[in-house]
Amino acid sequence: MGLMDWFKKLAGSAEGSTDTGETELPSAAEAQNAVVGGLNFMTAIDAHMKWKTRLENYINGTSDEELKVEVVSCDDKCPLGQWINGQGGESYGHIQSFADMKAMHTHFHSCAGHVLATAQQGRKDDALRMLDQGDYVRASERVKMQLAKLYVQISER
C-alpha cells in the first residue's frame, strides 16, 4: 500500500467508513515523504498514538518520565501543537479540516491530561479504563483520522 493510499484509508475512516481493520504501515522510506507544509504527518500520527503507551507506562509505574498534568493538557507543547500554532496555522488555518484537526488535537490533550490527573489521584484502575474506552479513545482516533484527512486534502492541492 502506498503512502497516499494509507492516508486515504485513515481519512476515509474519519468520514464514516466501517472498515476498522488495521492497515500495513508504509515503509520508512515512504514515511519520509509524508512531509507537507513543514510537518511529517506520519510522525505526528505516530507520536499521538504512542501517548497511550506513555500513559499506561506512567500509570503502571514502569515509566521514567515525569509527566505533569499542566504540560500534558496543553496542546501547544508537542511538535504537532507547535506546528498548528505556527507554520501550519499560517499556511492552512483558513481550511476547515485544519480548524477541525486543531480542535480535535486540543480535546485530545485535555483528555490525556484528565487520564493523567486521574492516575495521580491514585485512581489507577479508572485511569487505565479511560485509556481503553471513552473520551480519550475517541479523541485519539479523531486526531489520527483528521490528520490523515488534512494530509490528503493539502497534498492533492
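As the structure is a computational prediction, the values presented were derived from the model and not from experiment.

1. What about helix 4 (residues 51–59)?
And then number 1: Looking only at helix 4, the buried set comprises W51, L55 and I59. Angularly, the buried residues of helix 4 cover 65° about the axis, an arc narrow enough to put them on a single face.
And then number 2: Backbone geometry just after helix 4 places G61 at a positive phi near 75°.

2. Focus: helix 9 (residues 124–132)
And then number 1: Along helix 9, the positions that sit buried rather than exposed are A127, M130 and L131. Within helix 9, the buried residues cover an arc of 100° as seen down the axis, which keeps them to one side.
And then number 2: Contacts from the buried residues of helix 9 go to helix 4, helix 8 (96–120) and helix 10 (135–155).

3. Regarding the pattern of salt bridges
And then number 1: With the rule as written, the count across this model stands at nine salt bridges.
And then number 2: A salt bridge links D76 to K77; the nearest nitrogen and oxygen atoms lie 4.0 Å apart.
And then number 3: On the accessibility criterion, D76 (36% relative accessible area) is partly exposed.
And then number 4: Assessed through its relative accessible area of 49%, K77 is described here as partly exposed.
And then number 5: The residue E141 makes a salt bridge to K144 at a minimum N-O spacing of 3.3 Å. Here the residue E141 and the residue K144 both occupy positions in helix 10, the gap between them amounting to three residues, near one helical turn.

4. Examining the nonpolar core
And then number 1: The biggest cluster of nonpolar side chains holds 43 residues, and the ones touching the most others in it are F7, F41, L55, L80, W83 and Y136.
And then number 2: Where this core is concerned, the elements lending two or more residues are helix 1 (3–14), helix 3 (41–49), helix 4, helix 6 (79–84), helix 8, helix 9 and helix 10.
And then number 3: The biggest single contributor to this core is helix 10, with nine residues.
And then number 4: With sequence-adjacent residues up to four places away left out, L55 is seen in contact with L67, A112, V115, L116, L131 and Y136.

5. What to know about the environment of Q153
And then number 1: Following the sequence through the fold, Q153 ends up in helix 10.
And then number 2: For the pair Q153 and S97, spaced 56 residues apart in sequence, the C-alpha separation works out to 8.3 Å.
And then number 3: Setting aside residues up to four positions removed in sequence, Q153 forms contacts with I95 and S97.

6. Digging into the packing of aromatic side chains
And then number 1: Under the counting rule described, the total for this entry stands at seven aromatic pairs.
And then number 2: Note on F7 and Y151: the rings are 3.9 Å apart at their centroids and 25° apart in plane angle, and the pair reads as stacked. Note that F7 is positioned in helix 1 and Y151 in helix 10, a separation of 144 residues in sequence.
And then number 3: Owing to a relative accessible area of 0%, F7 belongs among the buried residues under this scheme.
And then number 4: Taking 6.1 Å as the distance between ring centres and 40° as the angle between the ring planes, the aromatic pair formed by W83 and Y92 counts as tilted. For the pair formed by W83 and Y92, the shared burial category is buried.
And then number 5: An aromatic cluster is present here, built from W6, F7, F41, W83, Y92, F98 and Y151 joined pairwise through their rings.
And then number 6: Just above the ring of W51 sits the side chain of R54; from NZ or CZ to the centre is 3.9 Å.

Rules behind the numbers
- Residues numbered from 1 in each chain as written.
- Predicted model: local features only at pLDDT ≥ 70, side-chain atom pairs only at ≥ 80, totals over all residues.
- Heavy atoms only, no water.
- Buried < 20%, exposed > 50% of the residue type's maximum accessible area, 1.4 Å probe, protein only.
- Helix = DSSP H or I, 4+ residues; strand = E, 2+ residues; numbered from the N terminus.
- Arc of directions from axis to C-beta.
- Contact = heavy atoms within 4.5 Å.
- Salt bridge = Lys/Arg side-chain N within 4 Å of Asp/Glu carboxyl O.
- Core = buried A, V, L, I, M, F, W, Y, C linked by side-chain atoms within 4.5 Å.
- Phe/Tyr/Trp six-rings, centres within 6.5 Å; stacked < 30°, edge-to-face > 60°.
- Lys NZ or Arg CZ within 6 Å of the ring centre and 35° of its normal.

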